[in-house]
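Structural overview for review
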Amino acid sequence: MSAIFGIVGTDDGEKKAILKTFAAQLAHYGQDQQHSINLEKAFFGQNILRISGQEVNKSNPFGIEGVEDLYIIADARIDYKDELILKLNLPPGTTLADNQLILLAYKKWGKEHFCTHLIGEYAFAIWNNNTQELLLARDQIGTRSLYYSKQGEALAFCTRAKDLRSLLKKKELDEIYAAERIAQQFSSRTFINGISQVPQAATMTFKNGEIEQHRFYQFTIGEPLRFNKDEDYFEHISATFDSAVKQRCNSIYPLSSSLSGGLDSTGICYCLANKLPQGQDKLYTYTSFPNDPGEAQDIDFVRNFINETWIKNEAVEINLEENFERYIYGVKQLSEPFLIFNVGFSLGLMAKASQNGARVFFNGAGAEYGISNYGHEELDYLLDNYQLWSHYKL
């Protein structure tokens, strides 16, 4: 992912100078290119990590030729581009950078509705230099982070919360947010008083010192799909799953994935093995295991799978001390605790994949709360309603 940062509503040279230091602090987010632009009452910067090669237009990284007074900086991966290009009434096969597609959608559908047409992972800022209005947005799931801090009549924003602390006169703990986290509740607040997060599935506008938020997406459960044959359900979920994996394969660098031996990561790897970019003949996967061989029970499942496919696997031994060190590193970087207890293992695998040239790393983390967990809920339902025995065929 890339990093974005900026400040609007001020011509304060001191504050702009502080924002300029963010480029160095966030260098590891985007090591390929750094861009910045200084306007009369705004300053923007971005560190770009290239994955697809279509993140930004090299000749005009902040906008589109012919579109005046609109600037965009984005940490984004836009999916289903062909469909979006048709909806934008552009010729089929048009090649545009992700940030340019976002800006064209903004112009076509307006600030209240354009995000409903964007599918993917994104956090971005659009500045209208004519109306002096800033718009910040995050995707429906909130995959990419974006924080902000109101500074009087000005507003600063950044991919990472900790960098905005340098703008605060007082650095205090937000005790309300701390209580929310203990209670497993989540809001747009952060641990740092005076710094907030743009909510997921929402846009936020800032003009004349005032903030307004608009939620553009609300998850709802629609009508259940009904098919005539059991095989049709399998075909539908298989096609949906395969399409979701395919959209994330747009990379000019090798693809890689974790492989735990479980259903979720195994399914992802099976799909990936058939979608490798040109020049990559094998899918490189990584399996973590503790330094106690007696606990490495998933290795046999992994070996059985890779023996049947054209997948290359590397087992990475990570001891508990390394796991803890990586956890602490992640907390320091993000200023937030992780909810995944074994995140140190995942960070270790990603570090190994990065050493081998990968910039896209897949995993099945969290899937047990989704597709692969539904069977347990159905079993509970059948037990509660005394219907389980009728499903047995003796």
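Preceding block: the structure.
Only a predicted model underlies this, so the values are computations on that prediction, with no experimental measurement involved. (Residues numbered from 1 in each chain as written. Predicted model: local features only at pLDDT ≥ 70, side-chain atom pairs only at ≥ 80, totals over all residues. Heavy atoms only, no water.)

1. With respect to helix H10 (residues 343–355)
For H10, spanning 13 residues, the distance from its first C-alpha to its last is 18 Å, which sits close to the expected 18 Å at 1.5 Å a residue. At the C-terminal side of H10, Gly357 shows a positive phi close to 95°. (Helix = DSSP H or I, 4+ residues; strand = E, 2+ residues; numbered from the N terminus. Expected span 1.5 Å × (residues − 1).)

2. Thoughts on the side chain of Asp75
Turning to its location among the elements, Asp75 is positioned in strand S4 (residues 70–78). Here Asp75 falls in the buried class, since its relative accessible area comes to 2%. A polar side-chain atom of Asp75 sits 2.6 Å from a polar atom in the side chain of Arg144. Once you skip the residues sitting within four places of it in the chain, Asp75 turns out to touch Met1, Ser2, Ile4, Glu121, Tyr122, Ala123 and Arg144. (Buried < 20%, exposed > 50% of the residue type's maximum accessible area, 1.4 Å probe, protein only. Polar contact = N/O pair within 3.5 Å; in protein donor to acceptor, adjacent residues only side chain to side chain. Contact = heavy atoms within 4.5 Å.)

3. Quick look at a nonpolar patch on the surface
A cluster of nonpolar side chains, namely Tyr217, Phe219 and Ile221, defines an oily patch on the protein surface of about 380 Å² accessible area. Here Ile221 shows up in the loop between strand S11 (210–215) and helix H6 (230–247). Residue Ile221 is classed as exposed on the basis of its relative accessible area of 77%. (Patch = residues over 30% accessible without salt bridge, like charges linked within 9 Å, V, L, I, M, F, W, Y side chains within 5 Å. Areas by Shrake-Rupley, 256 points an atom, 1.4 Å probe, with all protein chains shown as cover. Salt bridge = Lys/Arg side-chain N within 4 Å of Asp/Glu carboxyl O.)

4. What to know about the packing of aromatic side chains
As enumerated under the stated definition, the model contains eight aromatic pairs in all. Residues Tyr106 and Phe114 carry aromatic rings whose centres are separated by 5.4 Å and whose planes lie at 85° to one another, so their mutual orientation is edge-to-face. With respect to burial, Tyr106 and Phe114 carry one shared label: buried. Aromatic side chains Phe227 and Tyr233 sit 5.0 Å apart centroid to centroid with 85° between the ring planes, which places their arrangement in the edge-to-face category. Exposure remark for Phe227: the relative accessible area of 29% places this residue in the partly exposed category. A residue is classified by how much of its surface remains accessible, and Tyr233, at 32% relative accessible area, is partly exposed. One aromatic cluster is present, built from ring pairs that chain together Tyr106, Phe114, Tyr122 and Phe124. A cation sits over an aromatic face here: Arg359 above Tyr253, 4.2 Å from the ring centre. (Phe/Tyr/Trp six-rings, centres within 6.5 Å; stacked < 30°, edge-to-face > 60°. Lys NZ or Arg CZ within 6 Å of the ring centre and 35° of its normal.)

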